[in-house]
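# A look at the structure
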Amino acid sequence: MLVVVALVISFVILAGCSTPVQKELKKCSKLNDAKEKDSCYRDIAVNYNDSVSCSSISDSLNKDLCRREIALAKRDILMCESVQDKNQKDICLRNIAINLKDSKICDKVEGQLQKSLCLSELGVYTEETCLGMRDQIKEASRCFYKAAIQNKDIKLCDKINVQLIQDNCYREMYNLGKFDCESSLSDEKEKCYIRLGRATGDIQICSKLKGEDSDLCFSSAARIKNDAALCKSVQDPKKKDMCYYLLTVINKVNSCQDILNSSLSSDCVKYAEAYIKQ
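Residues numbered from 1 in each chain as written. Predicted model: local features only at pLDDT ≥ 70, side-chain atom pairs only at ≥ 80, totals over all residues. Heavy atoms only, no water.

Once that is clear, we can look at the packing of helix 14 (residues 237-251) against helix 15 (residues 262-275). Two numbers describe how helix 14 lies on helix 15: the axes approach to 10 Å, and their chain directions differ by 10°. If you check the angle between helix 14 and helix 15, you find them roughly parallel. Contacts from Asp241, Met242, Tyr245, Thr248 and Val249 in helix 14 reach Leu264, Asp267, Cys268, Tyr271 and Ala272 in helix 15. Its residues placed into classes, the contact of helix 14 with helix 15 shows seven nonpolar, one polar and two charged. (Axes fitted to C-alpha atoms, helices over the stretch in contact; angles between N-to-C directions. Helix = DSSP H or I, 4+ residues; strand = E, 2+ residues; numbered from the N terminus. Parallel < 35°, antiparallel > 145°, perpendicular 65-115°, else oblique. Contact = heavy atoms within 4.5 Å. Nonpolar A, V, L, I, M, F, W, Y, C, P; charged D, E, K, R; others polar.)

This next bit is on empty space enclosed by the protein. Tallied over the full model, the rule gives one cavity of 30 Å³ or more. Approximately 30 Å³ is the volume found for the largest cavity. When contributions to the lining of the largest cavity are tallied by element, the ones reaching two or more residues are helix 13 (211-225) and helix 14. Counting residues per element, the lining of the largest cavity draws most heavily on helix 14, which supplies four residues. Here the lining of the largest cavity is built from residues that sort into four nonpolar, two polar and one charged. (1 Å grid on protein atoms, 1.4 Å probe; cavity = no way out; pocket = protein on both sides within 12 Å on 5 of 7 lines; lining within 4 Å. Points joined across faces, edges and corners; volume = space filled by probe spheres on them.)

This next bit is on unusual backbone geometry. Positioned with a positive phi, Arg75 is a non-glycine residue whose angle comes to about 55°. Note on placement: Arg75 falls in the loop between helix 4 (60-74) and helix 5 (77-80). Its relative accessible area of 46% is what places Arg75 among the partly exposed residues. Residue Lys152 is not a glycine yet carries a positive backbone phi of 50°. With respect to the secondary-structure elements, Lys152 resides in the loop between helix 9 (137-151) and helix 10 (163-175). (Buried < 20%, exposed > 50% of the residue type's maximum accessible area, 1.4 Å probe, protein only.)

This next bit is on the environment of Lys270. Here Lys270 lies in helix 15. By relative accessible area, Lys270 is classed as exposed at 56%. In sequence terms Lys270 and Cys256 are 14 residues apart; their C-alpha atoms lie 9.6 Å from each other.

Grouped together as the largest cluster of nonpolar side chains are 43 residues, with contacts concentrated most on Ala148, Cys157, Tyr170, Met173 and Phe179. Put simply, the parts of the chain that give this core at least two residues each are helix 9, helix 10, helix 11 (186-200), helix 12 (203-208), helix 13, helix 14 and helix 15. With five residues, helix 9 is the largest single contributor of residues to this core. Contact partners of Phe179, with chain neighbours within four places excluded, come to Ile154, Tyr170, Met173, Tyr174, Cys192, Arg195, Leu196 and Ala199. One finds Leu25, Ile57, Ala71 and Leu119 within the second-largest nonpolar core, a separate group that totals 22 residues. (Core = buried A, V, L, I, M, F, W, Y, C linked by side-chain atoms within 4.5 Å.)

Now the structure itself:
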């Protein structure tokens, strides 16, 4: 009989006890404003590293962000599965992969962009990785540049859509000894010389090229040789202005006075006044 009474008393005592998290959650529940209440629940989740508290948040996005934060803190891949929004779930997995430096986790990411960002941030550069970023031109161009260097594949340079990055890519390939234009097949030989001209700034090669290829070659040559006069050989007015602008910004050779476009000229002058010693 005494044992039964003791058990009953213990049960009553335990039932009346609350954990610190439960006490905090109870305080939050008394708030009237929905945003304040959700913010209160999130603070408890973060402070106590408690994913269960995230479930009390009413706003679905904030609930997912809460779970994502706790998952990263605990490095818990399974917890990412409780995130409902697909993109947020992918970001959750991506963050843990980067935190743990484990590229295999990137394979669990479903969205192509987030998977590509995951792999690239862990130094895995392939054509497939870079293609997943194609809607983000600069990021994709940087990815193809690194992929070309990592895999010693000059054809990956051709997929770069940012002129300056592409020129640097060709230059790196040239330094790696990846140019042998005379041994190339006839249909590849012209492409090879276009790349070679932009990699080396060889005026003779630039002079033999036509149209846009010639303009890009002379623009690259101007930067390589630090010579604004070479921009004069660029025929397209927009590309000529850009040639002078890049020479100013990259080489610190003030060529703003030669830019015809007023807006670009103004930007160039502001840069020169701020960063180039007179």
